[in-house]
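Each chain, written out:
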Amino acid sequence: LVTGGGRDIGRSVSLRLAKAGATVIVNFANNADAANDTVKAITDAGGTARAHRADVTDMAAVQAMVDAVKAFTPSSPSATGTTSIFSFSSIAFAIS
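Residues numbered from 1 in each chain as written. Predicted model: local features only at pLDDT ≥ 70, side-chain atom pairs only at ≥ 80, totals over all residues. Heavy atoms only, no water.

## What about the overall build of the protein chain?
Quick note on the threshold: Under the DSSP-based scheme used, a helix requires at least four consecutive residues in state H or I and a strand at least two consecutive residues in state E, with every element numbered from the N terminus. Each residue gets one of three labels from its accessible area relative to the maximum for its type: buried under 20%, exposed over 50%, partly exposed in between, using a 1.4 Å probe on protein chains only. Only the protein chains shown count as cover for residues, with accessible areas throughout obtained via the Shrake-Rupley method and a probe of 1.4 Å.
In terms of regular secondary structure, the protein chain is built from four helices and four strands. Buried residues in the protein chain amount to 33% of all 96 residues. On the protein chain, roughly 5,300 Å² of surface is accessible, and the fraction owed to carbon and sulfur atoms is 52%.

## Let's talk about helix α2 (residues 32-44)
Quick note on the threshold: Multiplying 1.5 Å by the residue count of a helix minus one yields the expected span of that helix. Arc definition: it is the arc formed by the directions from the helix axis to the C-beta atoms. Contacts between residues were defined by any pair of non-hydrogen atoms, one from each residue, lying within 4.5 Å.
With 13 residues, α2 should reach 18 Å at 1.5 Å per residue; the first-to-last C-alpha distance of 18 Å fits that figure. Burial in α2 covers these residues: Ala-34, Ala-35, Thr-38, Val-39 and Ile-42. Looking straight down α2, one finds its buried side chains confined to an arc of 135°; they lie on one side. Relative to its buried face, α2 has exposed residues pointing more than 90 degrees away, namely Asp-33 and Asp-44. Buried residues along α2 sit in contact with α1 (8-19), β2 (24-28) and β3 (49-53). Following α2 by one or two positions, Gly-46 has its phi on the positive side, about 95°.

## With respect to unusual backbone geometry
Even without glycine at this site, Asp-8 takes up a positive phi of about 50°. Mapped onto the elements of the fold, Asp-8 is located in helix α1. For Asp-8, a relative accessible area of 60% gives the class exposed.

Structural data, given as structure tokens:
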């Protein structure tokens, strides 16, 4: 799960994780086009990815995102925060 995974550093992290074989969830708040472009780049290269919209400052949205990630990924999820406003503790709490 890469927050802000569709643009800038987040995109680079998403692509790198996918290249290493990870299933990648590209989180976005507003820019669905960038997230979907990143997912397409990953899947075109043979990787597995999905975009998921969620506001990481909203605990209910974070929990719903983590539940979706758990349903989509084959193993225990991990999170990488690349957004400028980010509460990693809320996602860590939701994952546990």
